[in-house]
Amino acid sequence: MNDVAERIGTVVIGAGQAGLAAGYHLQRAGQHFEILEANQRLGDNWRTRWDSLHLFTPARHDGLPGLPFPAPDWSFPSKDAMGDYLEAYAARFSLPVSTGVQVDGVSQREGGYVVTAGDRRIEADNVVVASGGYQTPVVPGFAGELDPGIVQLHSSEYRNQEQLVPGGVLVVGAGNSGAEVALESAPGHETWISGRDPGHIPFHIEGTASRIALERLVLRFLFYRVLTTSTPIGRKAKPRFLAKGGPLIRIKPKEIAAAGVVRVPRVAGVRDGRPVLEDGRVIEAANVVWCTGFRHDFDWIDVPAIRKGIPPNDRGVVKDAPGLYFVGLEFQYALASGMVHGTGRDGEHIAKIIAERERSSTAA
């Protein structure tokens with residue numbers, strides 16, 4: 001590690017939509033900052049997702065501040081198009097992004113923070129963590145007991161059906177990713193989907209009727225203005241959403257059934273190398289796709305105020321660690337915070353606080 005520390009006013013960790021939105025507003029506020037991105041190419045956090053993934057929100061809600069998404073308003077961009085947009089966004093505003101920089105740690109020092117990344121050592125007054133709310137894939141402990149001949153993939157590793165071998169596919173987790181993987185598997189494999197029914201949005205998001213329901217009721221009103229930490233209903237909904245996740249958005253349960261996918265109870269363990277359900281049935285699957293989500297991983301932040309799980313914060317501000325902020329957390333301020341169209345407001349809020357903090361420090 002280089003013993004000579006660099007000096008940067010604000011370090012933003014992560015150049016996904018949340019980090020770039022924060023950078024846009026920091027730039028407008030005249031702040032000195034740098035965005036550090038672990039991927040070699042900006043936007044690869046989207047490009048590396050499964051091949052058929054399209055956003056659940058229409059293009060008119062997929063742009064960041066200052067630059068609309070370059071697609072018809074009511075189209076649903078692919079994951080590659082989103083990655084390309086983020087790359088173009090950073091270039092359009094000449095945001096100071098350094099790619100291929102993996103942050104190893106953040107520690108607190110008197111008056112600020114030290115960010116270490118390989119041989120770089122950066123002293124900063126402020127650190128904005130925009131690395132995403134969930135980073136580490138979760139699979140049950142008994143996954144290692146499955147027969148080694150069974151192909152196992154977490155949804156973070158799944159790209160397409162070519163990764164699967166002939167035979168049945170058990171998709172564990174019935175949320176949006178699980179439903180999409182199960183539908184892809186059904187034409188060529190006997191497919192089971194395991195997990196609770198998360199509910200679903202009662203209209204097709206790509207249909208004409210959804211332009212009113214999705215645009216005015218769900219995205220603009222419910223997700224953005226009603227379900228926030230400033231409203232009683234939002235505060236009540238937040239812990240439930242964080243614990244159980246959201247409903248199916250694009251796929252309906254009847255579509256899963258019509259494709260021949262068999263819904264089964266929760267996977268409870270392993271028997272003779274095969275997955276066993278909580279009702280005692282054994283599934284003769286040749287493939288298991290774990291759509292079981294992710295957990296927070298902020299162990300690399302060596303700051304006393306940060307505990308396991310969701311960092312204690314108020315709209316991304318860690319009050320017990322002045323100068324430490326988060327953007328891009330699920331339900332950080334609103335249900336929309338974890339979506340592209342919610343990151344601009346959250347990034348602006350954090351940038352304003354950083355600018356005010358600098359003015360107060362200068363005045364003192």
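Draft legend 1. Examining the nonpolar core more closely. Within the largest apolar cluster, 52 residues are counted, with the highest numbers of intra-cluster contacts made by Leu20, Leu64, Met82, Leu86 and Tyr89. Counting only elements with at least two residues in this core, the list comes to α1 (17–28), β2 (33–37), α3 (79–92), β8 (151–154), β9 (169–172), α4 (176–185) and α8 (340–363). The biggest single contributor to this core is α1, with six residues. Each residue touching leucine 20, except ones within four places of it in the same chain, is listed here: Ala15, Ile35, Leu42, Leu64, Leu86, Tyr89, Ala90, Leu95 and Val97. Leu36, Val101, Tyr113 and Ala117 belong to the second largest nonpolar core, which has 25 residues in total.

Draft legend 2. The arrangement of helix α5 (residues 210–226) in detail. The terminal C-alpha atoms of α5 lie 19 Å apart, and with 17 residues this falls more than 12% below the ideal 24 Å at 1.5 Å per residue. The sharpest bend along α5 measures roughly 40° and falls at valine 218. When we look at burial in α5, the residues that qualify are Ser210, Ala213, Leu214, Glu215, Val218, Leu219, Phe223, Tyr224 and Val226. In this structure, the buried residues of α5 make contact with α6 (232–244) and α8.

Draft legend 3. Main features of the pattern of salt bridges. On inspection of all chains with the given rule, the structure shows 18 salt bridges. Notably, a salt bridge pairs glutamate 34 with arginine 120, separated by 3.1 Å at the nearest N-O pair. Pair noted here: glutamate 34 is in strand β2 and arginine 120 is in strand β6 (residues 120–129), with a separation of 86 residues, a long-range link. Here the two residues glutamate 34 and arginine 120 agree in accessibility, since each one is buried. Salt bridges here are not isolated pairs; linked through shared partners, they connect Arg41, Asp44, Arg47, Asp84 and Glu87.

Draft legend 4. A look at the sheet that holds β9. Strand order in the open sheet made by the five strands is β8-β14-β9-β10-β11, with parallel pairing throughout. Because the sheet does not close on itself, it has two edges, and the strands there are β8 and β11 (262–264). Within this sheet the neighbouring strands show an average axis-to-axis angle of 20°, counted without direction. Alignment of β9 against strand β10 (residues 191–194), held across four bridges, turns out to be parallel. If you follow leucine 170 over to β10, its bridge partner there is tryptophan 192. Strand contacts of α4: β9, β10 and β14 (287–290), with the helix running at about 170° to β10, the strand carrying the most contacts.

Draft legend 5. Structural view of the packing of aromatic side chains. A complete count under the given rule lists nine aromatic pairs for this structure. Consider the rings of phenylalanine 241 and phenylalanine 331, whose centres lie 6.1 Å apart with planes at 65°: the pair is edge-to-face. Of this pair, phenylalanine 241 sits in helix α6 while phenylalanine 331 is found in the loop between β17 (324–326) and α8, placing the two residues 90 residues apart along the sequence. Three or more aromatic residues joined by ring pairs form one cluster here, namely Tyr24, Phe69, Tyr85, Tyr89 and Phe93. Cation over ring: arginine 49 sits above tryptophan 46, and NZ or CZ is 4.0 Å from the ring centre. Over the face of the ring belonging to phenylalanine 93 we find arginine 92, whose NZ or CZ atom lies 4.9 Å from the ring centre.

Draft legend 6. Up close: the side chain of arginine 120. According to the relative accessible area criterion, arginine 120 is buried, its value standing at 18%. Side-chain polar atoms of arginine 120 contact the side chain of glutamate 6, separated by 2.7 Å. A distance of 3.1 Å separates polar atoms of two side chains, one belonging to arginine 120 and the other to glutamate 34. In this view, arginine 120 contacts Glu6, Ile8, Glu34, Leu36, Ser98, Val101 and Val115; residues no more than four positions away in its chain are not counted.

Draft legend 7. Structural view of the packing of α1 against α3. Two numbers describe how α1 lies on α3: the axes approach to 11 Å, and their chain directions differ by 15°. By the angle class used here, α1 and α3 are roughly parallel. Between α1 and α3 the crossing geometry is left-handed. Listed contacts from α3 to Gln17, Leu20 and Tyr24 of α1 are Leu86, Tyr89 and Ala90.

Draft legend 8. Summary view of α3. With 14 residues, α3 ought to run about 20 Å at 1.5 Å a step, and its terminal C-alpha atoms sit 20 Å apart, in line with that. Those residues of α3 that fall on the buried side of the exposure criterion are Lys79, Met82, Gly83, Tyr85, Leu86, Tyr89 and Ala90. An end-on view of α3 places all buried positions within 160° of arc, on one side of the element. Turned more than 90 degrees away from the buried face of α3 sit Ala91 and Arg92, all of them exposed. Contacts from the buried residues of α3 go to α1, α2 (44–47), β3 (97–99) and α8.

Cut-offs used in this document
Residues numbered from 1 in each chain as written. Predicted model: local features only at pLDDT ≥ 70, side-chain atom pairs only at ≥ 80, totals over all residues. Heavy atoms only, no water. Core = buried A, V, L, I, M, F, W, Y, C linked by side-chain atoms within 4.5 Å. Buried < 20%, exposed > 50% of the residue type's maximum accessible area, 1.4 Å probe, protein only. Helix = DSSP H or I, 4+ residues; strand = E, 2+ residues; numbered from the N terminus. Contact = heavy atoms within 4.5 Å. Expected span 1.5 Å × (residues − 1). Bend = angle between axes of the 7 residues up to and from the residue. Salt bridge = Lys/Arg side-chain N within 4 Å of Asp/Glu carboxyl O. Pairing = 2+ DSSP bridges. Axes fitted to C-alpha atoms, helices over the stretch in contact; angles between N-to-C directions. Phe/Tyr/Trp six-rings, centres within 6.5 Å; stacked < 30°, edge-to-face > 60°. Lys NZ or Arg CZ within 6 Å of the ring centre and 35° of its normal. Polar contact = N/O pair within 3.5 Å; in protein donor to acceptor, adjacent residues only side chain to side chain. Parallel < 35°, antiparallel > 145°, perpendicular 65-115°, else oblique. Left-handed = near helix turned anticlockwise from the far one by under 90°. Arc of directions from axis to C-beta.

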